[in-house]
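The lines below spell out each chain.
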Amino acid sequence: YTELTIEALKKMRGHNVCQYIFMCTLFSLGDSQILPLDRSCDAQTRLGSYIGGCFDGVFHGFGNLSFTDGGFYSGEWRNGLRNGKGTMEFSPNNREGRKMYNGGWKKDLISGYGKMEWMDTNPYNVKEYVGYFENNAEHGYGSTVWLNGVTFDGEWENGHAVSGTRCETL
């Protein structure tokens, strides 16, 4: 962070000191890069209520969005899209059941390593999946546990198990 001394503040007489401090010191670490933020946002949007970093008028850096449907996202944003690490608690009305995801995002899609956990009954009878995702689907190596105790460890492609080991408890 940049430290402003009293002398530096005196030289800035006539300037908006609060804005200057934000411009110099507000940064977000995302994707191993330092992202400058032009301001902090506290806004109502068509998606819901957002509090966090902004750049050029869009969500950027770290922020929290409470969706109008009851969902909640807390994590990194880039150019208005979820990107980097984040946690999403989906709406209670989600057709796949109430679930929570913690892990990677890329261009507003679940991508990279993460954990999806279902919080109640769901059409798939799944308890959790831990592994890799691409474009919102299980893709790559991952482990799934179903509500009945059956597990699967192996390779996934576009949300479908393709090879691996399935174990059932007796």
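Chains are numbered independently. Their residues run from 1 in the order of the written sequence. Per-residue local features of the predicted model are confined to residues with pLDDT of at least 70, and side-chain atom pairs are confined, for both listing and counting, to 80 or more; whole-chain, interface and lining totals are unaffected and use all residues. Hydrogens are left out, water is left out, and the side-chain values use all remaining heavy atoms of the structure.

*Asks:* An account of the overall build of the protein chain is requested, with residue identities and associated values reported.
*Replies:* Scanning the protein chain for helices and strands turns up two helices and 13 strands. Taking all 170 residues of the protein chain together, the buried fraction comes to 34%. Throughout, a residue-residue contact means that at least one pair of heavy atoms, one from each residue, lies within 4.5 Å. Residue pairs at least 24 apart in sequence account for 13% of intrachain contacts in the protein chain once pairs closer than 6 positions are excluded. Surface accessibility follows the Shrake-Rupley procedure with a 1.4 Å probe radius. Residue values consider only the protein chains on display as shielding. As presented, the protein chain carries roughly 10,600 Å² of accessible surface, and 53% of it is formed by carbon and sulfur atoms. By the criteria applied, helices consist of DSSP H or I runs no shorter than four residues and strands consist of E runs no shorter than two, each listed in order from the N terminus. The buried label goes to any residue with under 20% of its type's maximum accessible area, the exposed label to any with over 50%, and the partly exposed label to all in between, with areas taken from a 1.4 Å probe on protein chains only.

*Asks:* Run through a nonpolar patch on the surface, naming residues and quoting values.
*Replies:* Taken together, the side chains of Tyr113, Tyr132 and Tyr141 present a nonpolar region at the surface, about 340 Å² in accessible area. For Tyr113, the position within the fold is in strand 9 (residues 109-118). For Tyr113, a relative accessible area of 46% puts it in the partly exposed group. Every patch collects residues that have over 30% relative accessible area and no salt bridge, joining them within 9 Å if they carry like charges and within 5 Å if they are nonpolar side chains (Val, Leu, Ile, Met, Phe, Trp, Tyr). By salt bridge we mean one thing: a side-chain nitrogen of Lys or Arg within 4 Å of a carboxyl oxygen of Asp or Glu.

*Asks:* Any details on the pairing of strand 13 (residues 160-167)? Residues and values, ideally.
*Replies:* Examined bridge by bridge, strand 12 (residues 151-157) and strand 13 share seven bridges and lie antiparallel to one another. When the sheet's bridge partners are listed, Glu155 is paired in strand 13 with Ser163. Pairing between strands requires that DSSP locate at least two bridges from one strand to the other. The loop that links strand 12 with its antiparallel partner strand 13 comprises two residues; one of these, Asn158, has a positive phi angle of about 50°.

*Asks:* Lay out the nonpolar core with the relevant residues and their values.
*Replies:* By convention a nonpolar core is built from buried Ala, Val, Leu, Ile, Met, Phe, Trp, Tyr and Cys residues, the set being connected through side-chain atoms within 4.5 Å. Judged by nonpolar contacts, the single largest core of 20 residues is most densely connected at Tyr50, Tyr101, Ile110 and Met116. Looking at this core, the elements with two or more residues in it are strand 4 (48-55), strand 5 (58-67), strand 6 (72-78), strand 8 (99-106), strand 9, strand 10 (126-134) and strand 12.

*Asks:* I'd love a proper account of the environment of Cys167, names of residues and values included.
*Replies:* Examined against the element boundaries, Cys167 turns out to sit in strand 13. Spatially, the C-alpha atom of Cys167 lies 5.6 Å from that of Val150, the residues being 17 residues apart in sequence. Not counting residues up to four positions away in its chain, the partners in contact with Cys167 are Gly149, Val150 and Thr151.

*Asks:* Which residues make up the pattern of salt bridges, and what values go with them?
*Replies:* Per the stated rule, a full pass over the model turns up six salt bridges. Residue Arg82 pairs with Asp108 through a salt bridge whose shortest N-O separation is 2.8 Å. With Arg82 in strand 7 (residues 81-89) and Asp108 in the loop between strand 8 and strand 9, this pair connects stretches of sequence that are 26 residues apart. Judged by relative accessible area, Asp108 falls into the partly exposed class, the value being 26%. Overlapping salt bridges, with partners in common, bring together Arg95, Glu96 and Lys99 in one network.

*Asks:* Summarise the confidence of the model for the protein chain; cite the residues concerned and give the values.
*Replies:* Along the chain, pLDDT gives the predictor's confidence residue by residue, from 0 to 100. On average, the protein chain scores 80 in pLDDT, and the residues at 70 or more come to 76%. Every residue in residues 1-36 scores below 50 in pLDDT, and together they form 41 contacts with partners more than four places removed in sequence or on other chains.

*Asks:* Which residues make up the side chain of Arg98, and what values go with them?
*Replies:* Position of Arg98 among the secondary structure elements: in the loop between strand 7 and strand 8. The term polar contact refers here to a pair of N or O atoms within 3.5 Å; inside protein, the definition further demands a hydrogen-donor-capable atom paired with an acceptor-capable atom, and it admits residues adjacent in sequence only when both atoms are side-chain atoms. Engagement of the side chain of Arg98 in a polar contact is seen with the side chain of Glu89, the distance being 2.2 Å. Residues within four places of Arg98 in sequence aside, it is in contact with Gly70, Glu89, Phe90, Ser91, Pro92, Glu117, Trp118, Met119 and Asp120.

*Asks:* Provide a residue-level description of the environment of Asn79, including the pertinent values.
*Replies:* Note on placement: Asn79 falls in the loop between strand 6 and strand 7. Classification of Asn79 as exposed rests on a relative accessible area of 54%. Spatially, the C-alpha atom of Asn79 lies 8.4 Å from that of Asp56, the residues being 23 residues apart in sequence. The residues contacting Asn79, other than those within four sequence positions of it, are Val58, Phe59 and His60.

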